[in-house]
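This is what each chain is made of:
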Amino acid sequence: MVNDSNPYTSGSLRVDPEGIGRLLADFVARDQCLPDSATAYEVNSAYGHRVAYRHRPAAAANLPGILFIGGFRSAMVGIKARWLDHLAQAWGCGYTRFDPLGHGETGGGFEKGDITTWLSDTLTILDKVTQGPLILIGSSMGGWLMTLAALARPDRLAGLIGIAAAPDFTARLIEPRLTPALRAALDRDGVFFRASAYGDPDPITARLLADGCKNLVLDREHSMPVPVRLLHGTEDTDVPYDCSLALAQSLKSPDLRVTLLKGGDHRLSHSRDLTVLAQTLAELASESLKNSGNFRGEITASLTSD
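Just so it is clear, the structure is predicted and the values come from calculations on it, not from any experiment. (Residues numbered from 1 in each chain as written. Predicted model: local features only at pLDDT ≥ 70, side-chain atom pairs only at ≥ 80, totals over all residues. Heavy atoms only, no water.)

> Explanation requested: unusual backbone geometry in the structure shown.
Residues other than glycine predominantly adopt negative phi, and peptide bonds predominantly adopt the trans conformation. Unlike most non-glycine residues, S140 shows phi in positive territory, near 55°. Topologically, S140 is positioned in the loop between strand 8 (134-139) and helix 4 (141-152). The residue A164 is not glycine, and still its phi comes out positive at about 50°. Along the chain, A164 falls in the loop between strand 9 (157-163) and helix 5 (169-174). (Helix = DSSP H or I, 4+ residues; strand = E, 2+ residues; numbered from the N terminus.)

> Even after reading the chapter, I still don't get the pattern of salt bridges, so can you show me in this structure?
Opposite charge on two side chains makes pairing possible when the charged atoms of those side chains draw close. Scanning the model with the defined rule gives 20 salt bridges in all. Among the ionic pairs, R220 bridges to D219, the shortest N-O distance being 2.6 Å. Using a relative accessible area of 45% as the deciding quantity, one classes R220 as partly exposed. Of the residues examined, D219 reaches a relative accessible area of 53% and is grouped as exposed. Between E283 and R229 there is a salt bridge whose closest N-O contact spans 2.8 Å. Taken together, the residues span a long stretch of sequence, with E283 in helix 9 (residues 271-291) and R229 in strand 13 (residues 228-233) at a distance of 54 residues. Just as E283 is buried, R229 falls in that class too. Through salt bridges with shared partners, one network takes in D36, R54, R56, R82, D85, R97 and E105. (Salt bridge = Lys/Arg side-chain N within 4 Å of Asp/Glu carboxyl O. Buried < 20%, exposed > 50% of the residue type's maximum accessible area, 1.4 Å probe, protein only.)

> Got a minute to help me understand the packing of helix 3 (residues 115-128) against helix 4 in this structure?
In a packed pair of helices, the relevant descriptors are the angle between the two axes and the axis-to-axis distance. Direction vectors running N to C along helix 3 and helix 4 enclose 60°, while the axes themselves pass 10 Å from each other. Every pair of crossing elements has a handedness; the one defined by helix 3 and helix 4 is right-handed. Residues I115, W118, L119, T122 and L123 of helix 3 form the contact with helix 4, whose participating residues are M141, W144, L145, L148, A149 and A152. (Axes fitted to C-alpha atoms, helices over the stretch in contact; angles between N-to-C directions. Left-handed = near helix turned anticlockwise from the far one by under 90°. Contact = heavy atoms within 4.5 Å.)

> What should I look at first to understand the packing of aromatic side chains in this one?
Aromatic ring pairs are reported here in terms of the distance separating the ring centres and the angle at which the planes meet. In this structure the tally under the stated criterion is 7 aromatic pairs. Between F72 and F110, the aromatic rings sit 5.2 Å apart at their centres with planes inclined by 75°, giving edge-to-face as the arrangement. Note that F72 is positioned in the loop between strand 6 (65-69) and helix 2 (79-91) and F110 in the loop between strand 7 (94-99) and helix 3, a separation of 38 residues in sequence. This pair shows no difference in class: F72 is buried, exactly as F110 is. Ring geometry for F110 versus W118: centroids 5.5 Å apart, planes at 35°, classification tilted. Relative accessible area serves as the criterion here: at 0%, W118 is assigned to the buried category. Through pairs of rings, three or more aromatic residues link up here, namely F72, F110, W118, W144 and F169. Above the face of the F110 ring, R73 is positioned so that its terminal group lies 5.8 Å from the ring centre. (Phe/Tyr/Trp six-rings, centres within 6.5 Å; stacked < 30°, edge-to-face > 60°. Lys NZ or Arg CZ within 6 Å of the ring centre and 35° of its normal.)

> Please clarify how the confidence of the model for the protein should be interpreted in this entry.
For the protein, mean pLDDT is 89; residues scoring 70 or higher make up 90% of the total. Counting contacts from residues 1-14, a segment whose pLDDT is below 50, to residues more than four positions away or on other chains yields 34 contacts. In the predicted structure, residues 294-306 sits below a pLDDT of 50 and forms 31 contacts with residues beyond four places in sequence or in another chain. (pLDDT = per-residue confidence, 0-100.)

> Any chance you could explain the pairing of strand 8 here in plain terms?
The two faces of a sheet get side chains in turn, since along a regular strand they alternate between them. Within strand 8, 6 of the 6 residues are buried, leaving the element largely enclosed by the surrounding structure. The alternating pattern of strand 8 places L134, L136 and G138 on one face and I135, I137 and S139 on the opposite face, and all of these are buried. Relative to strand 8, strand 6 runs parallel, the two being bridged by 5 bridges. In the strand pairing of strand 8, I66 is matched with I135. Pairing of strand 8 with strand 9 involves 6 bridges; the strand directions are parallel. When the sheet's bridge partners are listed, I137 is paired in strand 9 with I161. Taken together, strand 8, helix 4 and strand 9 constitute a β-α-β crossover, and its handedness is right-handed. (Pairing = 2+ DSSP bridges. Right-handed = clockwise from strand over helix to strand, strands pointing away.)

> I'm lost on helix 2 in this one. Help?
With 13 residues, helix 2 extends 18 Å from end C-alpha to end C-alpha; this agrees with the ideal 18 Å at 1.5 Å per step. Extensive coverage of helix 2 is indicated by the burial of 10 of its 13 residues. When helix 2 is considered as a whole, its buried residues turn out to be K80, A81, R82, W83, L84, D85, H86, L87, A88 and W91. (Expected span 1.5 Å × (residues − 1).)

Spelled out as structure tokens, the structure:
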């Protein structure tokens, strides 16, 4: 169902739209324009490279943690990543973001990366940096990595939020569009370059495509015993919203909702989109508090404060 308006009340938490609006206005006017002031750290990966990350501990032990997993060739200083940091700071939640191999501040050869490597980086951050139950938030390719990480660490989950999730994108979106010339380039060079609307062409390697086939999640059902929310724009020309619908069919969760944002693009970084993301996160954070035995508490108070 297409959402033409944003619901601000759901479940156990009554979200104050003015409170989120004030946070968003402050973020747009000031924080997103400033250099990222959060300290960057590094941790050793299983593959020998160093993974750059930023981490904000929770203000209290009972508050949930948030792990943001970015998209293909994105970075942890992007708008959605920083908006979530802004929310986490205001609400007291723990928050962690990172750059996998070949992305952002981690650096290294992008063409050396694949789904297995980037998943390993995700699990390295999850295991070595984060604490307690986590709400995993995956954007685009991060939605695929989010799903794989959730299946690998089910005991660490508090909920999942997909933003224009692109599970199995190598097999569903790239391989069917390979022309004979592109296949010849892959056979000859091991890579071809795909035009991108966001900057330099994307290097698509034979390694990435082959490894993607080993990590498919849409070919079978998966038990996911936590709330799942999948947000997707109806005008996403990079990853059709059918991908989120397919993921919804694959995940067997007792509480799963797909929200289609009418007119939304792939980035989902406009004010309306960021508002929906905040409301969705507040709902899952409240549910996590409820399950931990501290119903409402700090999240409610922070949402309604200045």
